Structures are given as structure tokens and as C-alpha cells.
Amino acid sequence: MKPVAVIILNWNGSALLGEFLPQVLATTDSSIADVIVADNGSTDGSLELMRRQFPDVEVIEFGENYGFAEGYNRAVAATRYRYTVLLNSDVATAPGWIGDLYRFMEMHPEVGACQPKILSYTDRSMFEYAGASGGFIDRNGFPYCRGRIFSTVEEDRGQYDEPIPVFWASGAALMVRSDLYISAGGLDRDFFAHMEEIDLCWRILLAGHEIY
């Protein structure tokens, strides 16, 4: 078995799969990772699209929409690779991306989860709001990122290229040790979607691991 599963959770996102999945497949080293689509009971023809355009990609079919959190919990439990990457269906990955994350995790056993730098798809000179270059939380419980505070998003000038410990990594592109994901309780399905990765990372930190 390969060490990494890149799992894309889909719900009625056939247009996004058609646009972004080809680049994910083209830039993901197939000697390291399998790309898997977990479908949350889509009714928009997503499964037909997968069978027609991506017949070699494994699809996990759920009969209903479990939401982001529980959908991923079920997908990780069904796959059980050494590492899992939770990858949003609207993310375009860059060449070498999976190898960099995999090697970092292999070299740092104390790290439970990590994320890559995430740039805006429409303006690659700017950070992406959803995660940017690693997240923190302030004394009032408000989350912010290297590269994004409140609604202000920074230009990427290489100022955050060095990996550092952070409080949370973005669920848009989150690599996590699969056994740790499960032992920490996975994503809390009460969130359904949004903020669930911060809660998971907090529990990973409390279990004695680091986030990068």
C-alpha cells in the first residue's frame, strides 16, 4: 500500500471535479499517493462524471450527505493509509506538493499534521483566505493566519516560506497521520462544516503532537 491517501470529499461538485481533479492527478506523485474521491450522496451527476472521465480514480460512495466532518471521518476509516490528506475539491495542486509534505512528516515524527502554503487560485501572488500559511488563534478565540488577519490578505513575498509550528492547519489541504486522526476522534461532526479543522488540530496538540 502507498503511504498517502489524498481524499477529495465531494457533494454535488461535478463542475469542480471536472476543473480541478485533472491537475491534482497530474501533480500528485502516484508512487507516493492514491487520489480518492469520497462522494457525499451527490445528485448532480458527479458519480457519472467520475466513471466517464476518471475511471481509474477510486470512488467511495456514501448514500447521503454527511457533511464535511463526518464525510471525512467515514472516508478515513474506510481507507486507513499511513497519512491522509484532506483536500478541498476546489484546490489546484502544484508539482511536487505531495512529496514535500510526505517527506516533512517522515522526517518529523513529532508532527501530527501539516499544511502547504495556500495561494489564491485567481491571483497567485496573494495568499488564500482559507488557511494561507498556517493558522493561530488569539486570546479571544478568533482564528487568524500567517498571511491573513481578519479580512486582510497579504501578498506572498516569500515571508512565510519557512515551516514553523502553528496552532491549526487548514482543512483545505491538511495532511495528518491517519491513526492519530482516528485516535483524536476525527473531525467533530457537530460542526458539519467550518472550524472543524481547528478543533481537530487543538486535540492533536493536546495529545502531545505538533502542527506545522
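Everything here concerns the structure above.
So, how was this worked out
- Residues numbered from 1 in each chain as written.
- Predicted model: local features only at pLDDT ≥ 70, side-chain atom pairs only at ≥ 80, totals over all residues.
- Heavy atoms only, no water.
- Salt bridge = Lys/Arg side-chain N within 4 Å of Asp/Glu carboxyl O.
- Helix = DSSP H or I, 4+ residues; strand = E, 2+ residues; numbered from the N terminus.
- Buried < 20%, exposed > 50% of the residue type's maximum accessible area, 1.4 Å probe, protein only.
- Pairing = 2+ DSSP bridges.

### Concerning the pattern of salt bridges
- All told, the structure shown has 10 salt bridges when counted by the stated rule.
- The salt bridge partner of aspartate 34 is lysine 2, with a shortest N-O separation of 2.8 Å. Placement of the pair is aspartate 34 in strand E2 (residues 33–40) and lysine 2 in the segment before strand E1 (4–10), with a sequence separation of 32 residues.
- You can call aspartate 34 partly exposed: its relative accessible area is 22%.
- Taking the shortest distance from any N to any O, the salt bridge between lysine 117 and aspartate 161 comes out at 2.7 Å. Placement of lysine 117 in the loop between strand E5 (111–114) and strand E6 (135–137) and of aspartate 161 in the loop between strand E9 (152–153) and strand E10 (173–177) is noted, with a sequence separation of 44 residues between them.
- Exposure remark for lysine 117: the relative accessible area of 34% places this residue in the partly exposed category.

### Focus on the sheet that holds E10
- What the seven strands build is an open sheet, ordered E3-E2-E1-E4-E10-E5-E11; its pairing is mixed. The open sheet has two edge strands with one neighbour each: strand E3 (58–62) and strand E11 (210–211).
- As paired elements, E5 and E11 share two bridges and run parallel to each other. Opposite alanine 113, over in E11, you have isoleucine 211 as the bridge partner.

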